[in-house]
Amino acid sequence: MENNEGFCERFFHLKENHTTVKTELMAGLTTFMTMAYILAVNPSILSATGMDKGALLTATALASLIGTLLMAVLANYPFALAPGMGLNAYFAYTVVLQMGYSWQMALAAVMVEGVIFIILSLTSIREAILMPFLSF
């Protein structure tokens, strides 16, 4: 446990942030328990489109795990990330079921949107677009 505490201290600066490994583990467990509902709700919403519920459960768990780990390791922030329920409901009930697009086509649109956002972010165009709104 000493080696782990030493590593965690060096990597996460626990003393500087006035916390301990035990506190962070309890906070992580608490956060998981408060947002674990998404593992049941998200596949239930998205499966209405015809997608496989088991695959959706796996994708939801993996996306949450990867997002949260990246936030912890790259940004050193104690934020848990998971898929947005409002956007998923819009995707399933409006885009697919109401507008009539296939879930494959809707997912392709989400991917294109993601690529565009990454390009805008990497080229600083995003800041240029937002600057007039941030200067108030």
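Everything below is about the structure shown above.
Values in this document were obtained by computation on a predicted structure and should not be read as measured data.

Okay, the pattern of salt bridges next. On inspection of all chains with the given rule, the structure shows one salt bridge. Across the salt bridge formed by R126 and E127, the nearest N and O atoms sit 3.5 Å from each other. On the basis of relative accessible area, R126 is assigned to the partly exposed category, the value being 30%. On the basis of relative accessible area, E127 is assigned to the partly exposed category, the value being 34%.

Counting eleven residues, the largest nonpolar core is built from I38, I45, L46, M51, L56, M85, F91, A92, V95, V96 and A106. In terms of residue count, the dominant contributor to this core is helix α5 (residues 85–98) (five residues). Non-local contacts of V95, meaning those with residues more than four positions away in its chain, are made with Y90, G100, Y101 and A106.

What follows covers α5. The α-helix advances 3.6 residues per turn, and as a result positions three or four apart in sequence lie on the same side. F91 marks the point of greatest bend in α5, at about 25°. Within α5 the residues assigned to the buried category are M85, N88, F91, A92, V95 and V96. Downstream of α5 by one or two residues, G100 has phi in the positive range, about 90°.

Here we take up the packing of α5 against helix α6 (residues 103–122). It is at 10 Å that the axes of α5 and α6 come closest, and there the two elements cross at 120°. Considering the relative orientation of α5 and α6, their crossing is right-handed. Here F91, V95 and V96 of α5 lie close against α6, whose contacting residues are W103, A106, L107 and V110. Grouping the constituent residues of the contact of α5 with α6 by class yields seven nonpolar, no polar and no charged.

Below, the discussion takes up a nonpolar patch on the surface. Taken together, the side chains of F7, F11, L62, L65, I66, L69, L70, V73 and L74 make up a nonpolar region of the molecular surface, amounting to roughly 880 Å² of accessible area. Going through the elements one at a time, α1 (2–12) and α4 (53–75) are the ones with two or more residues in the nonpolar patch. No other element matches α4, which puts seven residues into the nonpolar patch. Inspection of the secondary structure assignment puts F11 in helix α1.

With that out of the way, let us pick up unusual backbone geometry. A positive phi angle, close to 65°, is found at S124, a residue other than glycine. Along the chain, S124 falls in the loop between α6 and α7 (125–134).

Turning next to helix α3 (residues 38–46). Here α3 has its buried residues at I38, N42, P43, I45 and L46. Viewed end-on, α3 has its buried residues packed into an arc of 160°, placing them on one side of the element. Taken together, the buried residues of α3 touch α2 (21–35), α4 and α5.

Of the voids in this model, the largest pocket is the one considered here, and its volume is about 930 Å³. As for the largest pocket, its lining consists of 27 residues, and the residues nearest its centre are E24, G28, T68, A72 and P78. Of all the secondary-structure elements, those providing two or more residues to the lining of the largest pocket are α1, α2, α3 and α4. Among the elements that make up the lining of the largest pocket, the one with the highest residue count is α2 (eight residues). Of the residues contributing to the lining of the largest pocket, the split by class is 19 nonpolar, seven polar and one charged. Computed from the structure, the second largest pocket encloses a volume of approximately 560 Å³. Lining the second largest pocket are 21 residues; nearest its centre among them are L46, P83, N88, L107 and V110. Elements supplying a minimum of two residues to the lining of the second largest pocket: α3, α4, α5 and α6.

Cut-off values and rules
Residues numbered from 1 in each chain as written. Predicted model: local features only at pLDDT ≥ 70, side-chain atom pairs only at ≥ 80, totals over all residues. Heavy atoms only, no water. Salt bridge = Lys/Arg side-chain N within 4 Å of Asp/Glu carboxyl O. Buried < 20%, exposed > 50% of the residue type's maximum accessible area, 1.4 Å probe, protein only. Core = buried A, V, L, I, M, F, W, Y, C linked by side-chain atoms within 4.5 Å. Helix = DSSP H or I, 4+ residues; strand = E, 2+ residues; numbered from the N terminus. Contact = heavy atoms within 4.5 Å. Bend = angle between axes of the 7 residues up to and from the residue. Axes fitted to C-alpha atoms, helices over the stretch in contact; angles between N-to-C directions. Left-handed = near helix turned anticlockwise from the far one by under 90°. Nonpolar A, V, L, I, M, F, W, Y, C, P; charged D, E, K, R; others polar. Patch = residues over 30% accessible without salt bridge, like charges linked within 9 Å, V, L, I, M, F, W, Y side chains within 5 Å. Areas by Shrake-Rupley, 256 points an atom, 1.4 Å probe, with all protein chains shown as cover. Arc of directions from axis to C-beta. 1 Å grid on protein atoms, 1.4 Å probe; cavity = no way out; pocket = protein on both sides within 12 Å on 5 of 7 lines; lining within 4 Å. Points joined across faces, edges and corners; volume = space filled by probe spheres on them.

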